[in-house]
Every structure is written in C-alpha cells, then in structure tokens.
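Summary of the model geometry
Here is what each chain is made of, one letter per residue.
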Amino acid sequence: NSKVIQTPRYLVKGQGQKAKMRCIPEKGHPVVFWYQQNKNNEFKFLINFQNQEVLQQIDMTEKRFSAECPSNSPCSLEIQSSEAGDSALYLCASSRQGGAETLYFGSGTRLTVL
Amino acid sequence: GDSVTQTEGLVTLTKGLPVMLNCTYQTTYSPFLFWYVQHLNEAPKLLLKSSTDNKRTEHQGFYATLHKSSSSFHLQKSSVQLSDSALYFCALSPGGYKVVFGSGTRLLVSP
C-alpha cells in the first residue's frame, strides 16, 4: 500500500469553483512532486517542492494554481478557478532527494469539473 | 529539451508470451531511467531503474538494459502473466529535480 496519502479520493466541482487537494508525503521525504494525469494517461508535471520551497513549476501552475508544503502540515494543491480541462487525476509523489531517486506516488485525487 | 518516447500505446498479448515495451529518450545529461507500473485504480510504483550503461536490471521477472549509445531502455519479460496487465511508464531524470515521463504503454494480457 502507498505510504503517500492523498485526499480526497474524488472531487467534483463546477466551473469557476476552487478545488483543493492534499498530500501527506512519505515520512522522511523532503521532495514532493505534483503531476496531472489526463484521460489519455499522460503525465504533466505541475510543481515540485523541497521542504517548503518551490523548486520548479510550469506556467499554468503559476497562474491558476496555488500550492504549498508547510512544515508539519499536508502539502496542498488548489485550483483557483476550475475549468473543464482541469478534469484529471492529480498525483502527488515524494522522494528522498532529487529526480534520481525513486518517486513514491499516492493513489491520486480524481477531479471532475462539471 | 529532455524527452521520453514510448512508441506503443497499447500492447495485447496472450499469457506466456514474451513482451518488449519500447522506451527511447533524449537528454544532453547523464540520465537515470525508470520504469513505473500503474495497475487499474492504483498508484504508480517503481518497477526498475538504472543509470549504468549496458547493465541489465531485473525485478519481478521484468528486465531492462540502459543503452546510452542508442538512448534506449526497453522493458522486457520472457513470459507475461494476467497480473501484468497494467500501464507502464518509462521516465527520465536528467539530474536535479526534474523527472520526465513517457506517454505510457498499456499492456493487456489475455488468457
């Protein structure tokens, strides 16, 4: 079973609504990644953190998403104004170091934007 | 830029047959290559990884060899089982905190 915990498992929102999802990384893993997996199963990188600091993010994330990884609290990813095209599986993954380390994924939050 | 190409979107096989899922990559750095497997409604999990040129890596009956000369890291198994039906993703880390995934290959194994 995955040790990366993502909540909620399912999220349904209307267009324009905020959509927030959370991730508890595996213990001892300071690096957290968020990916969007679309209906064709393709992964799109959104943002990553080391501890509380953003390492990299794509333009879409910078403009429409709000993400943080506060100390001693779950990481979160929030879409400020949901669009139909945001409907996807959002996967959180954690690792001990950088990209050369194994990513441990959560089961994801499936977002449906009506 | 850094990229991963998986040419097969869907591979269908009868159990007991061998399989090879293709993965090629592009990067100017010395990479780590990974294969992740995602079963239906489950989290993706690591199957194999390697950064050593021409060395075979094996796990759970699957194996792959990183060939830097051809920028390839094909996944193979000599005899597929029904439980191998899943999505398989090849991924590349060129270094730092970047991880790039291929588009995935769905493997369907029939009785």
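About the thresholds
- Residues numbered from 1 in each chain as written.
- Chains lettered and ligands numbered in written order.
- Predicted model: local features only at pLDDT ≥ 70, side-chain atom pairs only at ≥ 80, totals over all residues.
- Heavy atoms only, no water.
- Pairing = 2+ DSSP bridges.
- Helix = DSSP H or I, 4+ residues; strand = E, 2+ residues; numbered from the N terminus.
- Axes fitted to C-alpha atoms, helices over the stretch in contact; angles between N-to-C directions.
- Contact = heavy atoms within 4.5 Å.
- Buried area = accessible area lost by both parts, 1.4 Å probe.
- Salt bridge = Lys/Arg side-chain N within 4 Å of Asp/Glu carboxyl O.
- Polar contact = N/O pair within 3.5 Å; in protein donor to acceptor, adjacent residues only side chain to side chain.
- Buried < 20%, exposed > 50% of the residue type's maximum accessible area, 1.4 Å probe, protein only.
- Core = buried A, V, L, I, M, F, W, Y, C linked by side-chain atoms within 4.5 Å.

Glancing now at the sheet that holds strand β1 (residues 5–7) of chain A. Residue and element names in this part refer to chain A. Across the sheet, four strands lie side by side as β1-β3-β8-β7; this open sheet has antiparallel pairing. Single-partner strands in this sheet number two, and they are β1 and β7 (65–68). Recorded for the sheet is a direction-independent mean angle of 15 degrees between the axes of neighbouring strands.

Attention now goes to the interface of chain A and chain B. At the junction of the two partners, chain A supplies 26 residues and chain B supplies 19 residues. Across the chain A/chain B interface, buried area totals approximately 1,700 Å², and carbon plus sulfur atoms make up 58% of it. Taken together, the links from chain A to chain B amount to zero salt bridges. Across the chain A-chain B interface, the total number found is seven residue pairs in polar contact (both at pLDDT 80 or more). Listed by contribution, the elements that provide at least two residues to the side of chain A that touches chain B are β4 (31–37), β5 (43–50), β6 (53–57) and β9 (88–95) of chain A. It is β4(A) that contributes the most residues to the side of chain A that touches chain B, four residues altogether.

For the rest of this paragraph, the subject is the side chain of Ser93(B). In this fold, Ser93(B) is placed in strand β10 (residues 86–95). When its relative accessible area of 1% is taken as the criterion, Ser93(B) is described as buried. Of the polar contacts made by the side chain of Ser93(B), one reaches the backbone oxygen of Lys98(B); its length is 3.0 Å. Dropping the residues within four chain positions of it, Ser93(B) is found in contact with Gly99(A), Ala100(A), Pro31(B), Phe32(B), Phe34(B), Lys98(B) and Val99(B).

With that settled, the discussion passes to the nonpolar core. Core analysis: the biggest nonpolar cluster contains 25 residues, and Leu33(B), Trp35(B), Leu47(B), Leu75(B), Tyr88(B) and Leu107(B) have the highest contact counts within it. If one sorts the elements of this core by residue count, β10(B) sits on top with four residues. One finds Phe65(A), Ala88(A), Leu111(A) and Val113(A) within the second-largest nonpolar core, a separate group that totals 20 residues.

Residues and elements named next belong to chain B. Across the sheet, four strands lie side by side as β3-β9-β8-β7; this open sheet has antiparallel pairing. The open sheet has two free edges, formed respectively by β3 (19–21) and β7 (56–59), since each of these has just one partner strand. Taking the axes of each pair of neighbouring strands and ignoring which way they run, one obtains an average angle of 20 degrees across the sheet.

Turning our eyes to something else, we now look at unusual backbone geometry. All names here are of chain A. Of note, the amide linkage connecting Thr7 to Pro8 takes the cis form, showing an omega dihedral of -10 degrees. As for its position among the elements, Pro8 is in the loop between β1 and β2 (10–13). A positive phi angle, near 70 degrees, is found at Asn41, a position not held by glycine.

Keep in mind that these numbers describe shape and distance, not what the molecule does.
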